[in-house]
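# Examining the three-dimensional arrangement
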Amino acid sequence: VQLQASGGGLVQAGGSLRLSCAASGGTFSIYGMGWFRQAPGKEREFVAGVRRTFGTYYANFVKGRFTISRDNAKKTVYLQMNSLKPEDTAVYYCATTPRVETADEDEYDYWGQGTLVTVSS
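All chains use their own residue numbering, which begins from 1 and follows the written sequence. In keeping with the predicted nature of the model, local features appear solely for residues at pLDDT of at least 70, side-chain atom pairs appear and are counted solely at 80 or more, and the whole-chain, interface and lining totals rest on all residues. As a rule here, side-chain values come from all non-hydrogen atoms in the structure, and water together with hydrogens is ignored.

## With respect to the nonpolar core
Of all hydrophobic cores here, the largest spans 27 residues; its most connected members are Trp35, Leu79, Met81 and Tyr92. What counts as a helix is a DSSP run of H or I of at least four residues, what counts as a strand is a run of E of at least two, and both are numbered from the N terminus. Among the elements of the structure, strand E1 (2-6), strand E3 (17-24), strand E4 (32-38), strand E5 (45-50), strand E7 (66-71), strand E8 (76-81), strand E9 (90-97) and strand E10 (115-120) are those that each provide at least two residues to this core. Residue contributions to this core peak at four residues, all from E3. Excluding residues that lie within four positions of it along the chain, leucine 79 makes contacts with Leu17, Arg18, Leu19, Trp35, Val47, Ala48, Phe66, Thr67, Ile68 and Tyr92. The next biggest cluster of nonpolar side chains, apart from the first, holds six residues, and it includes Phe36, Ala59, Ala95 and Tyr108. Take the buried Ala, Val, Leu, Ile, Met, Phe, Trp, Tyr and Cys residues and link them wherever side-chain atoms come within 4.5 Å; each set so joined is a nonpolar core. Only protein chains enter the accessibility calculation, which uses a 1.4 Å probe; a residue is then buried when its area is under 20% of its type maximum, exposed when over 50%, and partly exposed in between. In this description, contact between two residues means that some pair of their heavy atoms is separated by no more than 4.5 Å.

## Comments concerning the state of the cysteines
Sulfur atoms of two cysteines make up a disulfide when they are within 2.5 Å. Counting across every chain of the model gives one disulfide. The disulfide bridge from cysteine 21 ends at cysteine 94, spanning 2.0 Å between sulfur atoms. Between cysteine 21 and cysteine 94, the S-S torsion sits near 65 degrees, and that sign places the bridge as right-handed. Separated by 73 residues along the polypeptide, cysteine 21 in strand E3 and cysteine 94 in strand E9 bring together distant segments of the chain. Summarising the burial analysis for this pair, cysteine 21 and cysteine 94 share the class buried.

And the structure:
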């Protein structure tokens, strides 16, 4: 499975961005999908996940602001990010997992290349 993330950019605090992650190869619908992020000088952290059954789950720090969704026909997972804060600045990665639900990056196997989100104050 190859993953291509896009949609990052520069936005002011309080603004919105929508990230996309398009998959090719493999059977997209059988995978759980997740978004992670890595800020400069910090470890990569879980942001949001969507089960193959479309249920969603989030890290506490993005609840109410970010929404993850998937479109199996387009083999794409999205991350709608609203009310962005400067601390959301990071490279955002999408990844696949065979697990029903997990926030552990070691349980994700295929990764996209990342897309940079920069939030200015």
